[in-house]
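Architecture and fold: a report
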Amino acid sequence: MPSASAPTLESVAALAGVSRATAGRVLSGSERVSPAAREAVLRAASELSYVPNQAARSLVTRRSGSVALVVVEPVERFFNDSYFPLVLTGAQAQLAEREVQLVLVVLSTARERERFERYARGGHVDGAILVSVHGRDPLPQHLADAGIPVVMSGQPLDPASTVPYVSADNVGGARTATRHLIERGCRRVVTVTGPMDMRVGHDRLAGFREELEARRHRFSAQLAESGDFTVAGGRAATEALLARVPDLDGVFAANDLMAAGVLQALAAAGMAVPGRVRVVGFDDAPLASAATPPLTTVRQPVVEMGRELARMLLSVIDGAGVPTPVVVPTALVQRATS
């Protein structure tokens, strides 16, 4: 039980010269207050060393004060692919500004998915950021049907989906990578695609094809091999491409992990990079600059995308309506592989 001297919401409101309701809105993180009132309440709360009771605040606001970042991949993928920690970094930084707790959830099995849905439906999170959703996964719609705000990293594969998302310009970035290879003199350019059960896989393949055709290079299915965004997947896909197109001289890999596998396969085949074959990846992950040789790649601002996902989700939670999807630009980072 609080002591008699413990500051209350009423005492904060009185010192700030505002109503209890206004003080409550400020301290619960609501945007629906004037800047002057916000400053007065925060100053009063600091002066009185007021600490809001989270349980009481949850009863009033019907919010838990936390959101989930949900990665729909095996645990080892989460730790092996820097994309996920970078999204997490951006989202965490944005949420911290609103004093919202981030709960990380990695879903590897059907049982884990069921458990998370029960957890979310139980009111333990105010919303969810979904990352790496494959195919026509029902999870986003299940959460939305339960009234849980949801946003997605990457455009949904289902064109009928109404879930807001943040994505890189995957088509444009793939075109940039392919154009660079052709302008560097490559005449037999191939690609290791992302998974075809994800929109990102389709879009980066589409950009590759569009740029080839715009440059009067004939596209055929033998020039593309599907990968899984892992090093091993990139190596296996490159081995298959080498068997079909032994005179290939340029490779666009749809992410940097697969590009690392491309470099492994080319080295094993005795094909020097960039002397015999030029390689471009996608992401500008930390490993790109550390690769041997350092990897030319297409940069997407993953940390900022994580921040934008958090901003978008908080906007939905605050009742601002369905936000417009955000597509961020990409840029080529030229290094030694091209």
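Let me sum up the structure you'll find in this document. (Residues numbered from 1 in each chain as written. Predicted model: local features only at pLDDT ≥ 70, side-chain atom pairs only at ≥ 80, totals over all residues. Heavy atoms only, no water.)

1. Side note on the overall build of the chain
Secondary structure summary: the chain contains 14 helices and 12 strands in total. In terms of its C-alpha atoms, the chain occupies a principal-axis envelope of roughly 80 × 35 × 30 Å. Put simply, the chain has 338 residues, and 48% of those count as buried. Considering only contacts within the chain whose residues lie at least 6 apart along the sequence, 71% involve residues at least 24 apart. Looking at charge distribution, the chain has the averaged site of its 35 positive side-chain charges lying 2 Å from that of its 34 negative ones. (Helix = DSSP H or I, 4+ residues; strand = E, 2+ residues; numbered from the N terminus. Buried < 20%, exposed > 50% of the residue type's maximum accessible area, 1.4 Å probe, protein only. Contact = heavy atoms within 4.5 Å. Lys, Arg positive; Asp, Glu negative; His and termini not counted. Charge placed at Lys NZ, Arg CZ, Asp CG, Glu CD.)

2. Focus: the sheet that holds strand β4 (residues 150–153)
The strand order β2-β1-β3-β4-β5-β11 describes an open sheet built from six strands, whose pairing is parallel. Either end of the sheet is taken by a strand with one partner, and the two such strands are β2 (101–106) and β11 (326–328). Across this sheet, the average inter-strand angle for adjacent strands is 20 degrees, counted without regard to direction. Pairing between strand β1 (residues 66–71) and strand β3 (residues 128–131): four bridges, direction parallel. Within β3, the position partnered with A68 by the bridge is A128. (Pairing = 2+ DSSP bridges. Axes fitted to C-alpha atoms, helices over the stretch in contact; angles between N-to-C directions.)

3. Topic: the side chain of T193
Following the sequence through the fold, T193 ends up in strand β6 (residues 189–193). Every residue in contact with T193, bar those within four places of it in the chain, is listed here: L205, A224, E225, S226, G227, A254 and M258.

4. Focus: the packing of aromatic side chains
Considering all chains together, one arrives at five aromatic pairs under this definition. On the numbers, 6.2 Å between centres and 75 degrees between planes, the contact of F208 with F219 is edge-to-face. Taken together, the residues F208 in helix α10 (residues 199–214) and F219 in the loop between α10 and β7 (224–226) connect sequence positions 11 residues apart. A relative accessible area of 16% means that F219 is categorised as buried. Ring-pair connections join several aromatic residues into one group, and the members of that group are F78, F79, Y83 and F84. (Phe/Tyr/Trp six-rings, centres within 6.5 Å; stacked < 30°, edge-to-face > 60°.)

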